[in-house]
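Coordinate inspection notes
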Amino acid sequence: MISGHGNIETAVEATKIGAYYFIEKPIDLDKILLITNRALEQLSLERENIALRQHFEQKYEMIGKSTAMEEIRQQIEAAAPSNGRVLICGENGTGKELVARAIHTLSKRKMKPFVEVNCAAIPEDLIESELFGHEKGAFSGATSRKIGKFELAHGGTIFLDEVGDMSLKTQAKVLRVLEEQKIERVGGTVTKTIDVRVIAASNKALEKEIEKGNFREDLYYRLNVIPMEVPPLRARKEDIALLCNYYLHYFCRENRKRKKKFSAEALESLISCKWSGNIRELKNVIERLVIMIPHDKIDIDDLPQTYKKQVEYSETAALEPDLFNGESLKTARENFERSFIIEKLKENNWNISKTAESLKVERSNLHRKMKLLGISTTKEE
Ligand SMILES: Nc1ncnc2c1ncn2[C@@H]1O[C@H](COP(=O)(O)OP(=O)(O)O)[C@@H](O)[C@H]1O
Ligand SMILES: [Mg+2]
């Protein structure tokens, strides 16, 4: 804003309604250039910030159309606007952190920090100072003041991951913070009131830990106002193909590779896997495939051995025919081919890929041939 009638009020008014700067006449061109450049710089920073936020949100996108996933989404939407504490349970890699972030992002606290604490990764003697901070000189090694995670999360959300791994001593301290909404830095004398929403997660069944005396029951009830259970991947098989394709595109983009595709067989094989490491395991496998497989179509043979479907071909289903009983050359040839293929399958422990290799044919050709010859397959599981 440039004006010849500058006074403080108009300057304040102008900046209030959006002016970056207020310049009085007479105009100093150098000053205008300087300020315009600064304003442009700020604008580009703001744009970058928006782009980063979007990228960040994309990074935490939740994929899945299964009923289980839909239920989780509904629970997240219901819980998010409140300040209620949430306890998220589920196996490793099921997406507990993702759920916690989603709750924060949909809450009124979304512009405030989301602070994660991995209780399992912090050594026992450091966790107190990590959570509550410390004053300079509070203990040997405390060379400067440190702000704790609870304080950093003020106004926002703190995510206590693997809360079942906290020692009983730390549990007692956390319980006090939850009860009083106040913290005190280690070695400090002042207490600070804090406003923090607590979301906790555990891969252990905390009820069992209570029985064993490893987890405080009173803390459990404090944390478990809104319980959420994230199901393992094998309990929502419908989501596996979606996740595979999502992460295939994701890692192709990330690694600047051409778009890849899974063959139907490869996808089927991935769907039938156990995935005991859940989505974390799936993500790693797909990233590995994107990096290691040069061609665009990922087939079952490209999968690491443990992810190839264990198909078992029943021997009884393919009774060996009498070789000389064929009426025409065609049936005779088919009879021979059938016997020969079955023989080779046996040699290779009914593994199609290996058999195809020893027969020097494409795996898909062998598959087609077996179908044609009625060498039937029975799948495991
Ligand atoms: N529904 C989902 N859609 C897409 N990615 C997911 C989903 N759930 C989990 N992930 C990804 O899997 C990985 C493990 O998730 P995380 O939340 O850290 O699991 P946990 O905390 O339960 O061990 C993360 O990289 C996360 O982005
Ligand atoms: Mg986790």
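As annotated in an unreviewed UniProt entry, the protein carries the name Sigma-54-dependent transcriptional regulator and is attributed to candidate division CSSED10-310 bacterium.

Looking at ligand 1, there are 17 residues lining it, with Ile63, Gly93, Lys96, Tyr247 and Lys283 nearest. Take Glu97: an N or O atom from its main chain is 3.0 Å from an oxygen atom of ligand 1. Lys283 places a side-chain nitrogen or oxygen 2.7 Å from an oxygen atom of ligand 1. Burial of ligand 1 by the surrounding chains reaches 91%, relative to a free accessible area of 560 Å². For the shell around ligand 1, the secondary-structure elements that each account for two or more residues are α4 (96–105), α10 (238–254) and α12 (278–292). Of the residues that make up the shell around ligand 1, three or more belong to each of domain 2 (67–231) and domain 3 (234–309).

Attention now goes to a nonpolar patch on the surface. Nonpolar side chains collect at one region of the surface, where Ile2, Ile27 and Leu29 lie side by side and expose about 290 Å² of accessible area between them. By secondary structure assignment, the location of Ile27 is in the loop between β2 (23–24) and α2 (29–59).

Here we take up the packing of aromatic side chains. Using the criterion set out here, one finds ten aromatic pairs in the structure. Their ring planes at 70° and their centres at 5.3 Å tell us that Tyr220 and Tyr221 sit as a pair that is edge-to-face. Owing to a relative accessible area of 8%, Tyr220 belongs among the buried residues under this scheme. Three or more aromatic residues joined by ring pairs form one cluster here, namely Tyr246, Tyr247, Tyr250 and Phe251.

What follows is about the UniProt feature "domain: Response regulatory" (unreviewed entry) in the protein. In the numbering adopted here, UniProt assigns the feature "domain: Response regulatory" (unreviewed entry) to residues 1–40. In residues 1–40, helix accounts for 52% and strand for 10%; the two terminal C-alpha atoms are 15 Å from one another.

Taking burial as the measure, the five residues of strand β7 (residues 157–161) include five buried ones, the bulk of the element. Every second residue of β7 is oriented toward a common face, with Thr157, Phe159 and Asp161 on one face and Ile158 and Leu160 on the other, all of them buried. Pairing of β7 with strand β10 (residues 197–202), which is carried by four bridges, proceeds in the parallel orientation. Its bridge partner lying in β10, Phe159 is registered against Ile199.

Bringing helix α13 (residues 329–347) into the picture now. Between its first and last C-alpha, α13 extends 27 Å over 19 residues, near the 27 Å set by a 1.5 Å rise per residue. Looking at α13, one finds that the buried residues are Asn335, Arg338, Ser339, Ile341, Ile342 and Leu345. Along the long axis of α13, the arc covered by the buried residues comes to 165°, so they all point the same way. Turned more than 90 degrees away from the buried face of α13 sit Leu329 and Glu347, all of them exposed. Against α14 (352–359) and α15 (363–372) lie the buried residues of α13. Asn349 sits one or two positions beyond α13 and adopts a positive phi of about 60°.

Next up on the list: the pattern of salt bridges. According to the stated counting rule, one finds 23 salt bridges in the structure shown. With its nearest N and O atoms 3.1 Å apart, the salt bridge here joins Glu97 to Arg101. Taken together, the residues Glu97 and Arg101, both in helix α4 and four residues apart, mark about one turn of the helix. Overall, the relative accessible area of 14% leaves Arg101 in the buried class. Arg185 serves as the salt-bridge partner of Glu135, at 2.9 Å between the closest nitrogen and oxygen. Placement of the pair is Glu135 in the loop between β5 (133–134) and β6 (146–147) and Arg185 in the loop between β8 (182–184) and β9 (191–193), with a sequence separation of 50 residues. Looking at Glu135, the relative accessible area reads 16%, which means it is buried. Counted as one network, the salt bridges with shared partners bring together Glu135, Arg145, Glu151, Arg185 and Lys192.

An order of β4-β7-β10-β3-β11 is seen for the five strands of this open sheet, with the pairing classed as parallel. If you trace the sheet from one side to the other, it starts and ends with β4 (114–118) and β11 (226–229), each paired once. In this sheet, adjacent strand axes meet at a mean angle of 20° when their direction is disregarded.

Along the chain, Asn348 turns up in the loop between α13 and α14. Classification of Asn348 as buried rests on a relative accessible area of 16%. Discounting chain neighbours no more than four positions away, the residues touching Asn348 are Lys354, Thr355 and Ser358.

The feature "domain: Sigma-54 factor interaction" (unreviewed entry), as annotated in UniProt, sits at residues 62–291 in this numbering. End C-alpha to end C-alpha, residues 62–291 measures 23 Å, and it is 44% helix and 16% strand.

The next point concerns helix α7 (residues 168–180). Given a rise of 1.5 Å per residue, 13 residues ought to cover 18 Å, and the 18 Å separating the end C-alpha atoms of α7 matches this to within 8%. Looking only at α7, the buried set comprises Thr170, Gln171, Val174, Leu175, Val177 and Leu178. Taken end-on, α7 shows its buried residues confined to a sector of 160°, consistent with a single buried face. Immediately downstream of α7, the backbone of Gln181 shows phi near 55°, a positive value.

With omega at 0°, the peptide bond leading from Lys25 into Pro26 counts as cis. Among the secondary structure elements, Pro26 is positioned in the loop between β2 and α2. Positive phi outside glycine occurs at Glu162, with the angle close to 50°. Along the polypeptide, Glu162 turns up in the loop between β7 and α7.

The rules behind these values
- Residues numbered from 1 in each chain as written.
- Chains lettered and ligands numbered in written order.
- Predicted model: local features only at pLDDT ≥ 70, side-chain atom pairs only at ≥ 80, totals over all residues.
- Heavy atoms only, no water.
- Near = heavy atom within 4 Å.
- Polar contact = N/O pair within 3.5 Å; in protein donor to acceptor, adjacent residues only side chain to side chain.
- Areas by Shrake-Rupley, 256 points an atom, 1.4 Å probe, with all protein chains shown as cover.
- Helix = DSSP H or I, 4+ residues; strand = E, 2+ residues; numbered from the N terminus.
- Domains from an automatic or database assignment.
- Patch = residues over 30% accessible without salt bridge, like charges linked within 9 Å, V, L, I, M, F, W, Y side chains within 5 Å.
- Salt bridge = Lys/Arg side-chain N within 4 Å of Asp/Glu carboxyl O.
- Phe/Tyr/Trp six-rings, centres within 6.5 Å; stacked < 30°, edge-to-face > 60°.
- Buried < 20%, exposed > 50% of the residue type's maximum accessible area, 1.4 Å probe, protein only.
- UniProt positions renumbered as here; feature names shortened; annotations may be inferred.
- Pairing = 2+ DSSP bridges.
- Expected span 1.5 Å × (residues − 1).
- Arc of directions from axis to C-beta.
- Contact = heavy atoms within 4.5 Å.
- Axes fitted to C-alpha atoms, helices over the stretch in contact; angles between N-to-C directions.

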